[in-house]
Amino acid sequence: MEVLVALSDGILVALEPLNLGLAVLGVIVGLFVGAMPGLGSVNGVAILLPFTFVIQSMTGSATSPMIFLAAIYYGAMYGGAISSITLGIPGASTAVATTFDGRPLALKGQADRALVTAAVASFVGGTISTMLFTGFAPMLASVALDFGDPEIFALMLLAFATFVGLGGDDIPKTIFSICIGLVLATVGFDIVSGEPRLIFFDSVNWFSRGIQFLVLAIGVYGIGEMLWTINSSRYGTTMTNVDVSFSRIMAALRSFPEAWKGTTIGSLLGFFVGILPAAGATPGSLMSYGVTKMVSRDPKQFGQGSIDGIAAPEAANNSASTGAMLPMMTLGIPGSPTTAVLLAGMVIWGLQPGPLLFSEQPDFVWPLIGSFYISNIVAVLVNLACIPLFLWMLRMPFTILAPLIFVLSLIGTYAAYQNPYDVWLMVLVGIAAFFLRLLDYPLAPAVLAIVLGPIAEPKLRQSLLFSDGDFSIFFTRPIAGPITVIALILIFLPLLKLIRDKIRGRRAA
Amino acid sequence: MFITKRNFCALAAAATIALTSVPAAVQAFEPTKPIDFVIMAGKGGGADKMARLMQSIIEQEGLSARPVVPTNKSGGSGAEALVHMKSASDPDHTIMVTLNSFFTTPLRQPGLDVDIMQFAPVGRMAEDTFLLWVHKDEGITSFDQYLEQAKSRGSDWVMGGTGKNSEDNIITDFLNSNYGLEMKYIPYKGGGEVAKQVAGRQITSSVNNPSEALGFFESGDLIPLVAFTDERLPMFPDVPTLKEAGGDFSYFMQRAVVGAPGMSDDAAAYYTDLFTKVYESAAWQEYKSSKSLMGDFMAGSDLKAYWDTQRTRHTEILKASGAIN
């Protein structure tokens, strides 16, 4: 009850004209940076941080600036889906998984359905996670504390397992794809030994910085996808015709419940992954995609334009971003790159994040949580209203769209880290991705490995430092143990199936 | 996307800052374009927070005619940032906020060919302090108890820190070699993560900066045992210094702003003046005392002399730990 009173007060503050205005503005800015390839919520928040100093000096409180930045963060999670679906280039790293099914569905002429599903799933994910946040924040903070290195590694192993253990795909090729991703993830300075690895050139501009995930993602899905479309010319010289009408959008809205499975998994798993420091929205959305595909009755649909395949990552990235606010506020550690900037903002506004924030700064915390609800409603409305505009892009003939994708990929890569070498690397990756795809290698597992590798590897080595190299640490700890066992079962499931089929086949003969 | 393209260009420009165009030499230097403010660490860390605070002070008090634009270059323990500075095309508009990797990274990677003495000594904004922290449930309240416990537990006593050969690693090595301990050192990505590991009792102790451990200190989860400073910290009046506890060791983290090699004297003077104002601002003084930072403002030849001592000291430390020859 106490929580509800605090929350309703908070929502009232969040609804004050200034705060509401900031939320709307933030959501629109976020939609835009999210939709631009290369710019994600982290860039949006970092670029506009100085603007919040002005807001703070106007209002004298840290609440309004934080509402503004949080709205950008959410808006970006919605916006990322837009270019993933309409152009096939992930608008932000958090929306990479959305391209897996969003793009194919758009090519089938159902871009409106893909966009509506993404928007509504984002809303559901964002709202469910905000409710969890409201009700259980302090309790969940202690769960985050219980997750040490072996636990996080076990969870990462589980994420890999969801991709390997999928029936349908060619398993050796999946494993090969994961390995490529893992190798690319090791490039750069190793934090555990402090030594450079696989950097080849002496120049720091190349590999000693490590290979940035977004560079690979834009290469694979921007350039690689464009080459693929040119090569296959399956879709002719024009893009699929898209009808824009109110009734079609309403129909898409009504059919949303079909995506209940992906939405539920994405909302819950995304939130959980989000509250673990070190992870964040990108792994959250990829893992949710993998799990949804695994439990789906029709996994073959995934990658061909499955509605669940769009809903899961979109629900998850919104849910995870709310989740990532939790360790930031209660433990003072960012769960994602964007919350790292928000954390810097909180310090500048004179707040001390930590276990006492909820009890000592209720005037800050509750309006902020209230604004989470409001921002989500604003975001879904703005997004739905803009869908006809996004669809209009799809009507462009491919001869115009292809150069546009190419230019956006170049700019997006440069904008992300301001390093011209990244642009070359992105183009090379795109070409490599095209050939891998010609040879029928699945690329999603490589993308997953590049995201999770840099999280999993240090956790593996930190755990082994603890145990003096004894792998039993992953089995004997109460939380890590069961997760590791499930992960291993999932990894070996295809092998067991294969053996079983062989035995059956022999009996039948 | 057409509608938004123009906005995008503006954003990209704001984010990247043009690197061309050399300003004409003027008598008294004034920046003629946005100032590239390099942070030699990732987003969200201590250096990053501080840099963004400085930016906010400059912005709020209108100290600079041109905006200061922070860019994180965290690659290779600051190597990326150092090389970026060295090869800056317009040194008069390129400044950087430093950590101690400013001293150690050039020593550990002579191949970078970075000489820190060529950087312009704009100003030292503070020296960050280090304390030894344990979880309250460890049942330890003094440094002597700590030594006793750590000794008896040998390598089961785990110290966490930020990265290998970092400030935290240096202090851990010192404790191990001077007190006959065998604490295990586990490197993590950031100071906040280290503090969280102690709070969750995943590791046994840490040598966090106060700003990183403050939240858990206020909630009572973490207890400071000893400060690696010369005098007691005003914020922790009951925590003795290591010197009081009989050790001859203190260690600080330099929080300074430096100019790119090749910066003109006029420009250096301008930035020193700018950051003197930042230093004297109420917001900075408030931050400094609330996060328990030490050190007075220092610039020019004094700061260079300070770098020289620090470089010599870090050479000795790294040699002793075997990180360099």
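Structure shown above.
None of these values were measured; they are calculated from a predicted model. (Residues numbered from 1 in each chain as written. Chains lettered and ligands numbered in written order. Predicted model: local features only at pLDDT ≥ 70, side-chain atom pairs only at ≥ 80, totals over all residues. Heavy atoms only, no water.)

Student: Run through the pattern of salt bridges, naming residues and quoting values.
Tutor: Evaluation of the coordinates by the stated rule reveals 22 salt bridges over all chains. Two residues, K459(A) and E193(B), come together in a salt bridge whose shortest N-O distance is 2.6 Å. Note that K459(A) is positioned in helix α18 (residues 444-466) and E193(B) in helix α7 (residues 191-199), a pairing that runs across two chains. In this structure, D48(B) engages R52(B) in a salt bridge whose closest nitrogen and oxygen atoms are separated by 3.0 Å. Residue D48(B) and its partner R52(B) are located together in helix α2 (residues 46-60), separated by 4 residues, close to a single helical turn. The residues D48(B) and R52(B) share a single accessibility class, namely buried. Because the salt bridges share partners, they merge into one network encompassing D149(A), K459(A) and E193(B). (Salt bridge = Lys/Arg side-chain N within 4 Å of Asp/Glu carboxyl O. Helix = DSSP H or I, 4+ residues; strand = E, 2+ residues; numbered from the N terminus. Buried < 20%, exposed > 50% of the residue type's maximum accessible area, 1.4 Å probe, protein only.)

Student: An account of a nonpolar patch on the surface is requested, with residue identities and associated values reported.
Tutor: All names here are of chain A. On the surface, a nonpolar cluster with roughly 900 Å² of combined accessible area is contributed by F475, V485, I489, F492, L493, L495, L496, L498, I499 and I503. When residues of the nonpolar patch are assigned to their parent elements, the largest contribution, 9 residues, is made by helix α20 (residues 480-508). Within the secondary structure layout, I499 lies in helix α20. (Patch = residues over 30% accessible without salt bridge, like charges linked within 9 Å, V, L, I, M, F, W, Y side chains within 5 Å. Areas by Shrake-Rupley, 256 points an atom, 1.4 Å probe, with all protein chains shown as cover.)

Student: Go over the interface of chain B and chain A, please, and point to the residues and values.
Tutor: Taken together, the contacts link 56 residues of chain B with 63 residues of chain A. For the pair chain B and chain A, the number of links is 2 salt bridges. The tally of links between chain B and chain A comes to 14 residue pairs in polar contact (both at pLDDT 80 or more). For the side of chain B that touches chain A, the secondary structure elements donating two or more residues are α1 (2-16), α2, α3 (79-86), β7 (184-188), α7 and α8 (210-218) of chain B. (Contact = heavy atoms within 4.5 Å. Polar contact = N/O pair within 3.5 Å; in protein donor to acceptor, adjacent residues only side chain to side chain.)

Student: Now, about the nonpolar core: what can you tell me, with residues and values included?
Tutor: Formed by 268 residues in total, the largest nonpolar core has its most connected members in Y146(B) and F275(B). Leaving out residues up to four positions away in the same chain, F275(B) has contacts with F37(B), M54(B), I58(B), I95(B), V122(B), M125(B), V257(B) and F297(B). (Core = buried A, V, L, I, M, F, W, Y, C linked by side-chain atoms within 4.5 Å.)

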